[in-house]
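# Chains, contacts and geometry: an overview
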Amino acid sequence: MTDEILVEGRRLELTRGDITAERVDAVANAANEALRGGGGVDGAIHRAAGPLLLDELQRRYPEGTPTGTAVATDAYDLPARWILHAVGPVWRGGTHGEPELLAGAYRSCLLLADELGARSVAFPAISMGIYGYPPHAGARVAINTVAEHLRGTTTVDVVRFVLFSDETYERFAGALAEVETE
Ligand code: ADP
């Protein structure tokens, strides 16, 4: 299953699967503020990348990073060059700045990708697992934030959302269909 659109000639696409297998320049991770690994996609990325990932995070980011931001590391044993560890918000009803914080997590990854010169970036559905962000709203924030970045000046020419379930995929496909591609 693949859906895609072009935004200013850059590709925004969706696929089903496991993000740890993605061959892209940068893989985004749905991390937590402590940056010490965790469950869900974070656990899968740490297992696949190997123990040196945690060493680098502890050495370079001893304080972690706040919600709505991201940091970059090497990708170690993943078939990528970098991992962008983004911290999305825990859903607390929607009145605690969740949409802005979720958009900030995606935008921070894209800005890091530009600094690094990454051309392809894979994202999971940040905050939409253990952190409980509602699927419809979360997919719209994700797609709209990425589409907005692709309309500007960026080194990134492919963004792929790698979605773990059919339900999440369908939500993202719905949000993708609403994007103005002009
Ligand atoms: P958060 O704590 O930000 O909610 P989770 O890891 O719990 O992060 O979930 C984020 C999304 O990642 C969910 O949609 C979950 O199904 C998905 N996910 C879990 N493992 C993987 C994986 N290996 N590849 C891609 N997506 C994954």
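Our subject is the structure that appears above.
Residues numbered from 1 in each chain as written. Predicted model: local features only at pLDDT ≥ 70, side-chain atom pairs only at ≥ 80, totals over all residues. Heavy atoms only, no water.

Here we come to helix α5 (residues 166-177). With 12 residues, α5 extends 16 Å from end C-alpha to end C-alpha; this agrees with the ideal 16 Å at 1.5 Å per step. Within α5 the residues assigned to the buried category are Thr 168, Tyr 169, Phe 172, Ala 173, Ala 175 and Leu 176. Viewed along the axis of α5, the buried residues span an arc of 165°, placing them on a single side of the element. (Helix = DSSP H or I, 4+ residues; strand = E, 2+ residues; numbered from the N terminus. Expected span 1.5 Å × (residues − 1). Buried < 20%, exposed > 50% of the residue type's maximum accessible area, 1.4 Å probe, protein only. Arc of directions from axis to C-beta.)

At their nearest, the axes of helix α3 (residues 98-116) and helix α4 (residues 135-150) sit 9 Å apart, and the two run at 35° to each other. For the crossing formed where α3 meets α4, the hand is right-handed. Of α4, the residues touching α3 (which contributes Pro 99, Leu 102, Ala 103, Tyr 106, Arg 107, Leu 110, Leu 111 and Asp 114) are Gly 138, Val 141, Ala 142, Thr 145, Val 146 and His 149. Partitioned by chemical class, the residues of the contact of α3 with α4 number 9 nonpolar, 3 polar and 2 charged. (Axes fitted to C-alpha atoms, helices over the stretch in contact; angles between N-to-C directions. Left-handed = near helix turned anticlockwise from the far one by under 90°. Contact = heavy atoms within 4.5 Å. Nonpolar A, V, L, I, M, F, W, Y, C, P; charged D, E, K, R; others polar.)

Take the pattern of salt bridges next. Throughout the structure, instances matching the rule amount to 9 salt bridges. Ionic pairing is found between Arg 16 and Asp 166, a salt bridge with its closest N-O pair at 2.6 Å. Highlighted residues: Arg 16 in strand β2 (residues 10-16) and Asp 166 in helix α5, separated in sequence by 150 residues. The partly exposed category is assigned to Arg 16, whose relative accessible area is 33%. Of the residues examined, Asp 166 reaches a relative accessible area of 43% and is grouped as partly exposed. Bridged by salt links that share partners, the residues Glu 4, Arg 11, Glu 13, Glu 22 and Arg 160 form one connected network. (Salt bridge = Lys/Arg side-chain N within 4 Å of Asp/Glu carboxyl O.)

As a further point, take the site of the ligand. Residues in contact with the ligand amount to 15 residues; listed here are only the nearest, Asp 18, Val 41, Ser 127, Gly 129 and Ile 130. Note that an oxygen atom of the ligand is positioned 2.8 Å from one of the backbone N or O atoms of Val 41. Between the ligand and the protein, one listed contact pairs an oxygen atom with a backbone N or O atom of Ser 127 at 2.9 Å. Counting residues per element, the shell around the ligand draws most heavily on helix α1 (residues 40-49), which supplies 3 residues. For the shell around the ligand, the class distribution of residues is 10 nonpolar, 4 polar and 1 charged. (Near = heavy atom within 4 Å. Polar contact = N/O pair within 3.5 Å; in protein donor to acceptor, adjacent residues only side chain to side chain.)

Moving on, we come to the pairing of strand β5 (residues 82-87). Of all 6 residues in β5, 6 are buried; the element is thus mostly enclosed. Covered by surrounding structure in β5 are Trp 82, Leu 84 and Ala 86 together with Ile 83, His 85 and Val 87, the residues of both alternating faces. By the bridge criterion, 6 bridges tie strand β3 (residues 26-31) to β5 in an arrangement that is parallel. Looking across to β5, one finds that Ala 28 is bridged to Leu 84. In the sheet, strand β4 (residues 70-74) pairs with β5 via 5 bridges, with the strands oriented antiparallel. Following the sheet pairing, Ala 72 is matched in β5 by Leu 84. (Pairing = 2+ DSSP bridges.)

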